[in-house]
Amino acid sequence: MIRPTGYNSKSSFERSDPPLVVVHRREKSPMSPMGRGTAEEALVLLRRRLCDPNFIFSDSPDSNYSKLKFIVSSSVTEACNNSILLLGPRGCGKIAVLDLVLEDLLKEYPEMISVIKLNGLLHCDDNCALKEIARQLCIEHELMFSKMASFDDNSQFMIAMLRECGLAHKTVIFILDEFDLFAQGKQRLLYSLLDAMQSVTSQAVVIGVSCRLDADQLLEKRVRSRFSHRKLLFHPPPKDDLQRLLKHILLLPTDSSLPHDYNILADKRFMEVIDKLSDSDSTFSNFIRFLFSAVSLMDLKSGFMTLDNFKSALSSIQRQPKLDCLKDCSILEFYIMVCMRRLETKGQELYNFNSVMNEYKSVHDSYQLQTHDYHSRSVCLRAFEHLLDRQLIEFADRGHNQTMEFRAVKLLISSFELHQGLKSNRLLPVILQKLMESKN
C-alpha cells in the first residue's frame, strides 16, 4: 500500500533525494544480463517501495494528509471535539491516509491518543457497535469488560470514559469505516456518540469513512445537528500523476550498485499499457496491484522488466466477468445478441423477443445462413431465457403482466465486449463478425 492522497504532481517528487533511474530496459538495448544477486536486490527494493506507505508522501498544505493531520492534531492539542468524513470511491486511499495520520500522531502524542475502530460491515447493529466500543476501551485502559452489559450500560460507560479521558487530556479517536452503514435504522449509536461529545469535559474525534459522497445526507436531523460537517474528498489521480508515480516507484538510485542505464518509459507501447490501465481503473489500489503483479513477473536471470511483464500484469488484474460468461454461450445465443446489437445500431432503443426474431429472420434471408444456423422459435426462446439467466440481457421494464415475448429487453454488454467474445471463440461462424461490422 502507498500513501495515495496527499500526493502532489510536483512537490512529492521535487525533494533532495538522489536522482533515480529506470529499472527497465529498452528491448533493442544490447545490454548484458544483470547478475542474479543484483536482480534480487532490485526486486527487494521495488517490493519494499510498493509496501511502504511513507515512500510517496507530500507535505503540501493542499494534500488530504496534511488537512486531516491538522484537524486531528488540533483537536488533540487544543482539547476540543471534532468530527469529519472521508469520502471518495473505493481504492482512492482514504484508509491509507488515515492510517498514516494515526501512525504519525501516535508517535508525536503517545500518551494523549486512544483509537477505537469500528466497521459498518461488522458493527452496523447499534447494540453490537456500542459493546465493541466498550470492549476496546476496556482493553485500552486495562479494565474488566462485561459481555452481559446492556446498551444503556455500555452507553453510560462510554460517556464516563470520555469524561475521564477528557480530564486526563487524552483524546479518543473513533474510526467508523463504512460510515453509511451506521446511518441506517434509528442511528442510536451515532446520536449517543455525538451527543456525548457535546460535553465540555469530553475530548473525542469521530472520523467516518465512506465511498458514498452523500453519506452526511443520510443522517437524521438530531444527528446532523451535532455533526461538524467537515468533509475531505478523495479522487482517483489523473494520468499525468500516475505516470510520475510510476517513475517514482520504478526508478533505481544512481548512487547504488544497481544498473541504471535502461529505459522503457519512452516506449510508446509501454505508455499504451499504462493508458489502458488508467482508462479502466485509475485508483491507487489498482495501480499498486498492477505494479506488484508486474514486478513479480520479472525474470531474475536477466534481471530486467520487459514490456511483456506489464502486458501480462494488465491482463491478470483486469476483471472481465462478461467475457467469461460469453465463453460458454452457444452459437444461437451469439446470434441473438448480435441481432440485438444490430437493432440498437439502427436506432431502435426498445425491442423485445419478437423484434429480435424478426431481425434474426431478416439476417437469415439476407445472408442465406446455413440450415443448421437457423432454429425454430421455441429453441430461440430457450436460448433467450438462458441469456436472461446469465444476466447478459435483462428486461427493461418492471411489468410482469405481459408474456416474455412482448416485454422490452436490453443488452448488458457493450459492442467492444461482444466483439471480444466473438474473436475469442474460434468455433463461431465468420458471418457473426460480418453482421457486427455491417450496418444493414
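Residues numbered from 1 in each chain as written. Predicted model: local features only at pLDDT ≥ 70, side-chain atom pairs only at ≥ 80, totals over all residues. Heavy atoms only, no water.

A.B. asks: Any chance you could explain the overall build of the protein here in plain terms?
C.D. replies: Each helix and strand in the protein was counted, giving 19 helices and nine strands. Counting the 440 residues in the protein, one finds 49% classified as buried. Summing over all exposed atoms, the protein offers an accessible surface of approximately 22600 Å²; the carbon and sulfur share of this is 51%. (Helix = DSSP H or I, 4+ residues; strand = E, 2+ residues; numbered from the N terminus. Buried < 20%, exposed > 50% of the residue type's maximum accessible area, 1.4 Å probe, protein only. Areas by Shrake-Rupley, 256 points an atom, 1.4 Å probe, with all protein chains shown as cover.)

A.B. asks: How should the side chain of Lys170 be read in this particular structure?
C.D. replies: Along the chain, the position of Lys170 falls in the loop between α6 (151–167) and β4 (171–177). Setting aside anything within four residues of it in sequence, one finds Lys170 in contact with Glu111, Met112, Ile113, Ser114, Glu140, His141, Cys165 and Gln203. (Contact = heavy atoms within 4.5 Å.)

A.B. asks: For this particular structure, what's the right way to read the sheet that holds strand β5 (residues 204–210)?
C.D. replies: Strand pairing in a sheet relies on backbone hydrogen bonds. The paired strands run either parallel or antiparallel. Spatially, five strands are ordered β3-β4-β5-β2-β6 in an open sheet, and the strand pairing comes out parallel. Looking along the sheet, the strands with just one partner apiece sit at the ends: β3 (113–119) and β6 (230–233). The mean inter-strand angle of the sheet, taken between neighbouring strand axes irrespective of direction, is 20 degrees. Sheet topology places strand β2 (residues 82–87) next to β6; four bridges connect them, and they run parallel. The residue of β6 that forms the bridge with Leu85 is Lys231. (Pairing = 2+ DSSP bridges. Axes fitted to C-alpha atoms, helices over the stretch in contact; angles between N-to-C directions.)

A.B. asks: Would you mind going over the confidence of the model for the protein with me for this structure?
C.D. replies: Detailed reading of predicted coordinates is not advised where the pLDDT is low. Of all residues in the protein, 85% attain a pLDDT of 70 or more, and the chain-wide mean is 82. With pLDDT under 50 throughout, residues 1–32 is counted as low confidence; its partners more than four residues away or in other chains account for 109 contacts. (pLDDT = per-residue confidence, 0-100.)

A.B. asks: Looking at this model, I keep getting lost on the pattern of salt bridges. Mind explaining?
C.D. replies: Two side chains that carry opposite charge are able to pair once their charged atoms sit near each other. A full pass over the atoms with the stated rule returns 16 salt bridges. Among the ionic pairs, Glu359 bridges to Lys346, the shortest N-O distance being 3.1 Å. With Glu359 in helix α16 (residues 353–367) and Lys346 in the loop between α15 (331–345) and α16, the pair connects residues that are 13 residues apart, well separated along the chain. Judged by relative accessible area, Lys346 falls into the partly exposed class, the value being 44%. (Salt bridge = Lys/Arg side-chain N within 4 Å of Asp/Glu carboxyl O.)

A.B. asks: Please clarify how the nonpolar core should be interpreted in this entry.
C.D. replies: The tendency in soluble globular proteins is for nonpolar side chains to be buried side by side. Grouped together as the largest cluster of nonpolar side chains are 36 residues, with contacts concentrated most on Leu326, Phe334, Ile336, Met337, Met340 and Leu432. The greatest single-element share of this core, amounting to nine residues, is contributed by α15. The next biggest cluster of nonpolar side chains, apart from the first, holds 35 residues, and it includes Leu242, Ile264, Val273 and Phe310. (Core = buried A, V, L, I, M, F, W, Y, C linked by side-chain atoms within 4.5 Å.)

A.B. asks: Is there a simple way to explain the pairing of β4 in this structure?
C.D. replies: Walk down a regular strand and you will see the side chains alternate between the two sheet faces. Counting buried positions over the seven residues of β4 gives seven, a clear majority of the element. Taking every second residue as pointing to the same face, both faces of β4 are buried, with Thr171, Ile173, Ile175 and Asp177 on one and Val172, Phe174 and Leu176 on the other. When β3 meets β4, the two strands line up parallel, connected through seven bridges. The partner of Ile116 across the bridge, within β4, is Phe174. As judged from the six bridges shared by β4 and β5, these two strands associate in the parallel manner. For Ile173, the partnering residue across the bridge sits in β5 and is Val205.

A.B. asks: Quick question: what am I supposed to make of unusual backbone geometry here?
C.D. replies: Negative phi values dominate among residues other than glycine, just as trans dominates among peptide bonds. One non-glycine residue, His169, lies in positive phi territory at about 55 degrees. For His169, the location among the structural elements is in the loop between α6 and β4. Judged by relative accessible area, which is 53%, His169 ranks as exposed. Even without glycine at this site, His229 takes up a positive phi of about 60 degrees. Topologically, His229 is positioned in the loop between α9 (221–224) and β6.

A.B. asks: Please clarify how the packing of aromatic side chains should be interpreted in this entry.
C.D. replies: By convention here, two paired aromatic rings are described through the distance between centres and the angle between planes. Summed over the entire model, instances satisfying the criterion amount to seven aromatic pairs. Judged by centre distance (4.8 Å) and plane angle (80 degrees), the ring pair of Phe270 and Phe310 falls under edge-to-face. Placement of Phe270 in helix α11 (residues 268–280) and of Phe310 in helix α13 (residues 307–317) is noted, with a sequence separation of 40 residues between them. Judged by relative accessible area, Phe270 falls into the buried class, the value being 0%. Given a relative accessible area of 0%, Phe310 falls into the buried group. Ring pairs connect the aromatic residues Phe270, Phe287, Phe290 and Phe310, which therefore count as one cluster. It is Arg188 that lies over the ring of Phe151; its NZ or CZ is 4.0 Å from the centre. (Phe/Tyr/Trp six-rings, centres within 6.5 Å; stacked < 30°, edge-to-face > 60°. Lys NZ or Arg CZ within 6 Å of the ring centre and 35° of its normal.)

A.B. asks: What should I look at first to understand α6 in this one?
C.D. replies: The periodicity of an α-helix, 3.6 residues per turn, causes residues three or four places apart in sequence to face the same way. Compared with an ideal rise of 1.5 Å per residue, which puts 17 residues at 24 Å, α6 spans 24 Å between its outermost C-alpha atoms and is within 8% of the ideal. Taken residue by residue, α6 has Phe151, Asn154, Ser155, Met158, Met161, Leu162, Cys165 and Gly166 as its buried positions. Within α6, the buried residues cover an arc of 135 degrees as seen down the axis, which keeps them to one side. Facing away from the buried surface of α6 by more than 90 degrees, the exposed residues are Asp152, Gln156 and Leu167. Contact partners of the buried residues in α6: α5 (126–140), β4, α8 (188–196) and β5. Of the residues flanking the end of α6, it is His169, one or two places downstream, whose phi is positive at about 55 degrees. (Expected span 1.5 Å × (residues − 1). Arc of directions from axis to C-beta.)

A.B. asks: Even after reading the chapter, I still don't get the environment of Glu385, so can you show me in this structure?
C.D. replies: Of note, Glu385 is situated in helix α17 (residues 377–389). In the structure, Glu385 is positioned 52 residues away from Glu333 in sequence and 9.8 Å away in space, judged by C-alpha atoms.

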